[in-house]
Amino acid sequence: GAGVSQSPSNKVTEKGKDVELRCDPISGHTALYWYRQSLGQGLEFLIYFQGNSAPDKSGLPSDRFSAERTGGSVSTLTIQRTQQEDSAVYLCASSPQDTQYFGPGTRLTVL
Amino acid sequence: EDQVTQSPEALRLQEGESSSLNCSYTVSGLRGLFWYRQDPGKGPEFLFTLYSAGEEKEKERLKATLTKKESFLHITAPKPEDSATYLCAVQVTGFQKLVFGTGTRLLVSP
């Protein structure tokens, strides 16, 4: 079946611009996660959605980062006023229970 | 603080040369330990979940084991197509997020 999809696959932006990254989870998966993978570092948790519950935002690095999940399916991660340190691969994962299945990621480059 | 450490950082093997990757963890309570494989430019691909000490899982040339402090990923008679970065992650009791190690880059030469 179809896996997790993310768009765009690559995004180049200028410092100070806003960006939106999209994630389409596996159909039927109730949980959705965003992680960030910076060069030479492990995956870093950003935010977690589960059904209609309030999201766990404990990993968001600053108030420039926000995310929403509409209709319990598609999710959008928004980064406002991008900075060069935001350059990374942003990975989305969905899960039916414990195991998380990852998408291909969006590579964000902030010039 | 919950922590995951993987070793070695990089490993070069000849085809057919078996070896093991290590993942040691320090957590308040372990809900599950996960192994993923990541190829360049791709997202992590799920391999195994282990829940309790003594548990073992196998898939083709890979075997994962778990103790109370660490996990091993054993690779038997590896092939060049096994070359990838192998990631270990833990899920802590009471939380859903995964805490990842920085991975082991494996290169298998023909």
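1. Thoughts on the overall build of chain A
Part 1 of the argument: The helix and strand inventory of chain A stands at zero helices and 10 strands.
Part 2 of the argument: In chain A, the succession of helices and strands from N to C terminus is β-β-β-β-β-β-β-β-β-β.
Part 3 of the argument: A principal-axis box enclosing the C-alpha atoms of chain A has dimensions of 35 × 30 × 25 Å.
Part 4 of the argument: Sorting the 111 residues of chain A into buried and exposed places 50% on the buried side.
Part 5 of the argument: Restricting the contact set of chain A to residue pairs at least 6 apart, pairs at least 24 apart contribute 53%.

2. Description of the sheet that holds strand β1 (residues 5-7) of chain A
Residue and element names in this part refer to chain A.
Part 1 of the argument: Strand order in the open sheet formed by four strands is β1-β3-β7-β6, and the pairing between neighbours is antiparallel. With one partner strand each, in any of the chains shown, β1 and β6 (65-69) form the two edges of the open sheet. Direction aside, neighbouring strands of the sheet carry axes that sit 15 degrees apart on average.

3. Points about the interface of chain B and chain A
Part 1 of the argument: Contacts between chain B and chain A engage 19 residues on the former and 18 residues on the latter.
Part 2 of the argument: Approximately 1400 Å² of surface area, both sides summed, lies buried where chain B meets chain A, with 54% of it carried by carbon and sulfur atoms.
Part 3 of the argument: Counting the surface chain B buries against chain A, the share from its top three residues, Gln96, Lys97 and Phe100 of chain B, is 32%.
Part 4 of the argument: Applying the counting criterion to the chain B and chain A interface returns one salt bridge.
Part 5 of the argument: Linking Asp98 of chain A and Arg31 of chain B is a salt bridge whose minimum nitrogen-to-oxygen distance equals 3.0 Å.
Part 6 of the argument: The interface formed by chain B and chain A contains seven residue pairs in polar contact (both at pLDDT 80 or more).
Part 7 of the argument: Of all the elements in the fold, those that place two or more residues in the side of chain B that touches chain A are β4 (30-38), β5 (45-50), β9 (84-92) and β10 (98-100) of chain B.
Part 8 of the argument: With four residues, β4 of chain B is the single largest residue contributor to the side of chain B that touches chain A.

4. Observations concerning the side chain of Arg36 of chain A
Residue and element names in this part refer to chain A.
Part 1 of the argument: For Arg36, the location among the structural elements is in strand β4 (residues 31-37).
Part 2 of the argument: What makes Arg36 buried here is its relative accessible area of 9%.
Part 3 of the argument: If we ignore the near neighbours within four places in the chain, the residues touching Arg36 are Gly42, Leu43, Glu44, Leu46, Pro61, Phe65, Glu85, Asp86, Ala88, Val89 and Tyr90.

About the criteria used
Residues numbered from 1 in each chain as written. Chains lettered and ligands numbered in written order. Predicted model: local features only at pLDDT ≥ 70, side-chain atom pairs only at ≥ 80, totals over all residues. Heavy atoms only, no water. Helix = DSSP H or I, 4+ residues; strand = E, 2+ residues; numbered from the N terminus. Buried < 20%, exposed > 50% of the residue type's maximum accessible area, 1.4 Å probe, protein only. Contact = heavy atoms within 4.5 Å. Pairing = 2+ DSSP bridges. Axes fitted to C-alpha atoms, helices over the stretch in contact; angles between N-to-C directions. Buried area = accessible area lost by both parts, 1.4 Å probe. Salt bridge = Lys/Arg side-chain N within 4 Å of Asp/Glu carboxyl O. Polar contact = N/O pair within 3.5 Å; in protein donor to acceptor, adjacent residues only side chain to side chain.

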